[in-house]
Amino acid sequence: MIITAIDLFAFAALLGVFLLVFILKNKETPKAVTFIHGPVAAIGLILLIIYSFQYRPAPIASLALFIIAAIGGAAISVLDITGKSIPKWLALLHGSLAVAGFIFLVAFAL
Amino acid sequence: MKKTSVWKDDAEASHYSPLQTDLNVDVAIIGGGITGITAGYLLAHAGKSVAVLEAQQIGGGTTGFSTGNLYAVVDERLYILQSKFDTDTIHDVAASRTAAIQQVENIIRGFSIDCDFHRTPFRLISETEDDTSTLQREYQACLEAGLEAYIDTMAPVPFYINAALRIDDQAQFNPMQYVKALATHIQGTGCAIFEHSKVVSIKEGSPNILYTENGSVTAENIIHATHSPKGIMAVHSLLGPYREYVLAAKLNSGDYPEGICWVLNKPHHYSIRTYTSKSGESYLLVLGEPHKVGQKEANEACFDSLEAYLRRRFDVKSVEYRWSAQHYKAADSLPYIGALHPKSSVYIATGFAADGLTYGTLAAMIISDLILGIKNPWSEVYAPHRHNPLKTAGRFIKENVNVFAQYLKDIPYHADVETVSSIVPGEGKTVEIEGEKFAAYRDESAELHLVSAVCTHMKCIVNWNEEAKSWDCPCHGSRFTVDGQVIEGPAIADLPKKETNNLP
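No experiment lies behind these values; they were computed from the predicted model shown.

The rules behind these values
Residues numbered from 1 in each chain as written. Chains lettered and ligands numbered in written order. Predicted model: local features only at pLDDT ≥ 70, side-chain atom pairs only at ≥ 80, totals over all residues. Helix = DSSP H or I, 4+ residues; strand = E, 2+ residues; numbered from the N terminus. Rg over C-alpha atoms; globule rule 2.2 N^0.38 Å. Buried ≥ 20, exposed ≤ 12 C-beta atoms within 10 Å, placed from the backbone. Contact = placed C-beta atoms within 7 Å. Pairing = 2+ DSSP bridges. Axes fitted to C-alpha atoms, helices over the stretch in contact; angles between N-to-C directions. Nonpolar A, V, L, I, M, F, W, Y, C, P; charged D, E, K, R; others polar. Expected span 1.5 Å × (residues − 1). Parallel < 35°, antiparallel > 145°, perpendicular 65-115°, else oblique. Left-handed = near helix turned anticlockwise from the far one by under 90°. Core = buried A, V, L, I, M, F, W, Y, C linked by C-beta atoms within 7 Å.

**Student:** Pulling in residues and values, what's your account of the overall build of chain B?
**Tutor:** Each helix and strand counted, chain B has 10 helices and 24 strands in total. In terms of overall size, chain B behaves like a compact globule, its C-alpha atoms giving a radius of gyration of 22 Å where 504 residues would be expected to give roughly 23 Å. Burial statistics for chain B: of 504 residues in total, 53% are counted as buried. Put simply, of all contacts in chain B between residues at least 6 apart along the chain, 70% involve residues at least 24 apart.

**Student:** Tell me about the overall build of chain A, residues and numbers included.
**Tutor:** Along the backbone of chain A there are four helices and zero strands. Starting at the N terminus and walking to the C terminus, you meet the elements of chain A as α-α-α-α. Its C-alpha atoms give chain A a radius of gyration of 14 Å, within 12% of the compact-globule value 13 Å for 110 residues. With respect to the principal axes defined by its C-alpha atoms, chain A has extents near 45 × 25 × 20 Å. Counting the 110 residues in chain A, one finds 32% classified as buried. When contacts within chain A are restricted to residue pairs at least 6 apart in sequence, long-range pairs at least 24 apart make up 68% of them.

**Student:** Please give an account of the sheet that holds strand β20 (residues 448–452) of chain B that cites residues and values.
**Tutor:** Residues and elements named next belong to chain B. With antiparallel pairing, three strands are arranged side by side in an open sheet as β18-β19-β20. Each of the sheet's edge strands pairs with one partner strand only, and the pair in question is β18 (427–433) and β20. Between one strand axis and the next, the sheet turns by 30° as a mean value, whatever way the strands run. Two strands pair when backbone bridges link them, and strand β19 (residues 436–442) and β20 are joined in this way by five bridges, in the antiparallel orientation. Within the sheet, the bridge partner assigned to Y441 lies in β20 and is H449.

**Student:** Any details on the interface of chain B and chain A? Residues and values, ideally.
**Tutor:** A common measure of how large an interface is: the accessible area buried when the components associate. Counting residues at the interface gives 14 residues for chain B, matched by 10 residues for chain A. Partitioned by chemical class, the residues of the side of chain B that touches chain A number eight nonpolar, two polar and four charged.

**Student:** Run through helix α1 (residues 2–24) of chain A, naming residues and quoting values.
**Tutor:** Residues and elements named next belong to chain A. The end-to-end C-alpha distance of α1, which contains 23 residues, comes to 32 Å, matching closely the 33 Å that a straight helix rising 1.5 Å per residue would cover. The set of residues buried in α1 consists of A5, L8, F9, A12, G16, L19, F22 and I23. In this structure, the buried residues of α1 make contact with α2 (31–54) and α4 (88–109).

**Student:** I'd love a proper account of the packing of helix α3 (residues 60–81) of chain A against α4 of chain A, names of residues and values included.
**Tutor:** Residue and element names in this part refer to chain A. Between α3 and α4, the least distance of the axes is 8 Å, while the angle of their chain directions is 155°. As judged from the angle between their axes, α3 and α4 are roughly antiparallel. Crossing handedness for the pair α3 and α4: left-handed. Here α3 contributes A61, S62, L65, F66, I68, A69, G72, G73, A75 and I76 to the contact with α4, which in turn contributes L90, A91, L93, H94, L97, A98, A100, G101, F104, L105 and F108.

**Student:** Residues and numbers for the sheet that holds strand β23 (residues 479–480) of chain B, please.
**Tutor:** Strand-to-strand pairing in sheets goes through backbone hydrogen bonds, with the strands running parallel or antiparallel. In spatial order, the strands read β21-β22-β23-β24 (chain B); together these four strands make up an open sheet with antiparallel pairing. Lying at the two open borders of the sheet, with one neighbouring strand each, are β21 (463–465) and β24 (486–488) of chain B.

**Student:** Lay out helix α6 (residues 175–186) of chain B with the relevant residues and their values.
**Tutor:** All names here are of chain B. Between its first and last C-alpha, α6 extends 16 Å over 12 residues, near the 16 Å set by a 1.5 Å rise per residue. Within α6, 10 of the 12 residues are buried, which leaves it mostly tucked inside the rest of the structure. By the burial criterion, the buried members of α6 are P175, M176, Q177, Y178, V179, K180, A181, L182, A183 and I186. Packed against the buried residues of α6 are α1 (6–9), α2 (34–45), α4 (87–111), β7 (191–194) and α8 (356–372).

**Student:** Outline the nonpolar core, supporting the account with residue identities and numerical values.
**Tutor:** All names here are of chain B. Ranked by size, the top nonpolar core spans 132 residues in total, and within it I29, L53 and L78 carry the most contacts. Of the residues forming this core, the biggest block, nine residues, is contributed by α8. In this structure I29 touches G36, A39, G40, V50, A51, V52, L53, I223 and A225, once residues within four positions along its chain are discounted. Core analysis: the second largest hydrophobic core is formed by 25 residues, Y407, V431, A439 and A491 among them.

**Student:** Lay out unusual backbone geometry in plain terms, naming residues and giving numbers.
**Tutor:** All names here are of chain B. Here the residue pair S206 and P207 is connected by a cis peptide bond, since its omega of 10° sits within 30 degrees of zero. Mapped onto the elements, P207 comes out in the loop between β8 (201–203) and β9 (208–211). In this structure, the amide linkage connecting K266 to the following residue, P267, adopts the cis form with an omega of 5°. Relative to the helices and strands, P267 is located in the loop between β12 (260–263) and β13 (270–276). A positive phi is found at E289, a non-glycine position, where the angle reads about 60°. Structurally, E289 is set in strand β14 (residues 282–292).

**Student:** I'd like a rundown of the pairing of strand β11 (residues 239–251) of chain B, residues and numbers included.
**Tutor:** Residue and element names in this part refer to chain B. Across the 13 residues of β11, 10 count as buried, placing the element largely inside the fold. Of the strand pairs in this sheet, β11 and strand β15 (residues 316–330) are connected by 13 bridges, and their pairing is antiparallel. Looking at the pairing, G240 lines up with K329 of β15.

**Student:** I'd like a rundown of the environment of D369 of chain B, residues and numbers included.
**Tutor:** All names here are of chain B. Mapped onto the elements of the fold, D369 is located in helix α8. For D369, a count of 18 C-beta atoms within 10 Å puts it in the partly exposed group. Taking the C-alpha atoms as reference, D369 lies 9.8 Å from G338; in sequence the two are 31 residues apart. In this structure D369 touches I374, N376 and S379, once residues within four positions along its chain are discounted.

**Student:** I'd like to hear about the packing of α2 of chain A against α3 of chain A, residue by residue, with values.
**Tutor:** All names here are of chain A. Here α2 crosses α3 at 155°, and the two axes come no closer than 11 Å. As far as their axial angle goes, α3 and α2 are roughly antiparallel. In the packing of α2 onto α3, the handedness of the crossing is left-handed. Residues T34, G38, A41, A42, L45, L48, I49 and S52 of α2 pack against L63, F66, A70, G73, S77 and D80 of α3. A breakdown of the residues in the contact of α2 with α3 according to their chemical character gives eight nonpolar, five polar and one charged.

**Student:** With reference to specific residues and values, describe the environment of I101 of chain B.
**Tutor:** Residues and elements named next belong to chain B. The topology assignment puts I101 in helix α4. On a C-alpha basis, the gap between I101 and C302 in space is 31 Å, while along the polypeptide they are 201 residues apart. In contact with I101, not counting residues within four places along its chain, are L70, A72, Q170, A171 and T358.

**Student:** Residue-level account of the environment of Y328 of chain B, with values.
**Tutor:** Residue and element names in this part refer to chain B. Its location among the elements puts Y328 in strand β15. Between the C-alpha atoms of Y328 and G351, which are 23 residues apart in sequence, the distance is 4.8 Å. Not counting residues within four places of it along the chain, the set of residues in contact with Y328 comprises H227, S228, L239, G240, P241, T350, G351, F352 and G477.

Printed below as a string of structure tokens:
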């Protein structure tokens, strides 16, 4: 389960980097990528939550970072779809938290 | 053949000046169609100060592209509403729509409006045994809704029928003549009408403020009489936008059928009626071939299918007019009419399906009563804030999965064509330039019109509408001209233009 979560987060991260480039260049994000990135990351997060309930020790630090990153991601999505400008710092923070969560998760799994 | 509606061609142009100042009124109405003008009349008549802001010309939106039929039944069938809700609800629907027809007649009589209003029968016609079982269910629902309905074995049409459901005393009129005449009568009597005054921004609050390019209207109450409310609202997730096509033809026989005829056909019915213009020319109108907005490639073919249908049943001499119209289907099949939430001063009127002239009038009656503090017997039936998730779920899921699928088509580095040079005159295609999608149309004189392809409402990629020469959003139905100006739908802002120098 945790390996599947890592795979999903890795895929979401690749898409996220792609989206971040668009945001930093002040260009419209391709929505196909946006709407794959979000759900893939969400499924990874759900798997991580289930894992955390089923096994001890749980990857708490990673989980906390991913939850905060997910809240940021949801906010970015709403801003994007409703035509409001996305603060670059928010996009960078979202990405940084997710990457940190990913590193913690990989370290935990190893 | 004229590519406009017979109503627009048979009505005199209106000349109301654009808003050039800042106004303060009791009620500001966005949209000068049948809903907005009727609401303007009812509210001004009750002593409220009203401003109507129309982006184009009075009746120039959906009203001018309708079929001019007024009836108590509904496009989506009363028996289906009954199965979703109950008998009381369809009774309310039939009673409220009957009252709306009477309201139209009262206004016409009161102002002596010359708009070809006449009472006439409505017929739902089946050509097959299979369709007759549908018709029987609708007949039963009509009776239970309190309508005087009959089953006939004949109808005034020149083709074989299996059965016809008849309801007498329905009505037809010229909707453009009606709305324009009503606007003339109410202008200056507490109601100020402004044409070519597109609302470019809305500030909701206390008070509400509508901004146009050259003025603003501050109002206690706002009515979105724009078919689909402007801006981003949760109700858009409960609406499915559809386009339908209409032909107006002349017959060799000169034997035009009377009344409103809906001929059952799977998966949709065709609506047929006769209209006689002011000059005495008669036309047979047929409407059908609906599809989701922005999701039909080569939609000119819809007219071909419609004409083929017409020619199979009537002795067509020539097709004189053709046009298309838009409507929005509500998730639970009942329109959303009233305040956004119980304490809101923002009112919406949407989800009329193809029954907009009657529902538009009804919406004006209900919203006027709500603003005036008068109890309206049907306001709860149509309240936008009603909660009925089980009745809504089916279409809500269907429409929003469809919207999601449209978003997934926005694939990076992928558009209709790679370079604008491959677009021939008369053609519209999306093209990606420097990582962004643009909607490119080359007109007949080979001039390129280039605008962003990202809908300003909720950022779907617009698709080319070959028939109307417009860019249509497949998600929530916003439509734009080739130069990016909003034609209709929830979008407020135009599609940004792009310079056409140094393009690939």
